[in-house]
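Structural features, examined
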Amino acid sequence: MFPLHCDTCKILSGSAYTLNQIVPKDTLSFSKGGDSLKHYTYQGESGKDVNCYYCPNCTSHIYHHQTVMGPDTVIVRTALLPQAVKDFQPSAEIFGRAKMSWEKEVAQTFDTLPPS
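Residues numbered from 1 in each chain as written. Predicted model: local features only at pLDDT ≥ 70, side-chain atom pairs only at ≥ 80, totals over all residues. Heavy atoms only, no water.

For the structure shown, the criterion picks out three aromatic pairs. Aromatic pair Phe30 and Tyr63: ring centres 6.2 Å apart, planes at 40°, arrangement tilted. With a gap of 33 residues between them, Phe30 in the loop between β2 (18-24) and β3 (38-43) and Tyr63 in strand β5 (residues 61-66) connect regions that are remote in the sequence. In this structure Tyr63 comes out as buried when scored by relative accessible area, which is 12%. The interplanar angle of 50° and the centroid separation of 6.0 Å between the aromatic rings of Tyr40 and Tyr54 together place this pair among those described as tilted. Residue Tyr40 is found in strand β3, and its partner Tyr54 is found in strand β4 (residues 49-54); the two are separated by 14 residues along the sequence. A relative accessible area of 28% means that Tyr40 is categorised as partly exposed. With a relative accessible area of 22%, Tyr54 lands in the partly exposed category. Taken together, the aromatic side chains of Phe30, Tyr53 and Tyr63 make up a single cluster linked through ring pairs. (Phe/Tyr/Trp six-rings, centres within 6.5 Å; stacked < 30°, edge-to-face > 60°. Helix = DSSP H or I, 4+ residues; strand = E, 2+ residues; numbered from the N terminus. Buried < 20%, exposed > 50% of the residue type's maximum accessible area, 1.4 Å probe, protein only.)

The antiparallel open sheet is built from six strands, whose spatial order is β1-β2-β6-β5-β4-β3. With one partner strand each, in any of the chains shown, β1 (2-4) and β3 form the two edges of the open sheet. In this sheet, neighbouring strand axes are inclined to one another by 35° on average, regardless of whether the strands run parallel or antiparallel. Direction of pairing for β5 relative to strand β6 (residues 73-77): antiparallel, over a ladder of two bridges. Bridged to Tyr63 within β6 is Val76. (Pairing = 2+ DSSP bridges. Axes fitted to C-alpha atoms, helices over the stretch in contact; angles between N-to-C directions.)

The next point concerns the layout of surface pockets. The calculated volume of the largest pocket comes to roughly 460 Å³. Considering the residues around the largest pocket, the lining is formed by 24 residues, among which Ser29, Phe30, Ser31, Ile62 and Leu81 are closest to the centre. Elements supplying a minimum of two residues to the lining of the largest pocket: β2 and β6. Each residue belonging to the lining of the largest pocket can be placed in one class, and the counts come to 13 nonpolar, nine polar and two charged. Of the volumes computed, that of the second largest pocket is approximately 340 Å³. (1 Å grid on protein atoms, 1.4 Å probe; cavity = no way out; pocket = protein on both sides within 12 Å on 5 of 7 lines; lining within 4 Å. Points joined across faces, edges and corners; volume = space filled by probe spheres on them. Nonpolar A, V, L, I, M, F, W, Y, C, P; charged D, E, K, R; others polar.)

What follows deals with the environment of Ile62. Structurally, Ile62 is set in strand β5. When the C-alpha positions of Ile62 and Val76 are compared, they lie 6.1 Å apart, and in sequence the two are 14 residues distant.

This is the structure:
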């Protein structure tokens with residue numbers, strides 16, 4: 001799990017960061033509602049597309065695919081997973097350069113995305 005401090009995530013969540021998990025795309029599955037997700041695309045800092053998938057009922061962002069990371073990886077909002085809130089620990093902080101000044105470092109921090 002990693003806190004993501006980019007400005008887009010702050011705006012979408014209304015918070016200082018979002019909690020995320022990078023997973024292989026082929027391991028992502030849904031118990032219900034996966035077929036009804038909506039999506040939109042914006043240009044990330046890399047200049048490449050970021051595809052965001054969200055619930056059309058509650059508008060929670062479920063996962064996103066940053067094309068800069070390749071076709072086989074997605075980023076899942078970890079806090080939406082019941083076991084994550086109590087069992088997962090941060091392994092890195094991403095887009096640390098956008099952290100708010102009062103935030104303490106909780107894991108190795110990368111200015112932008114970690115190296116591939």
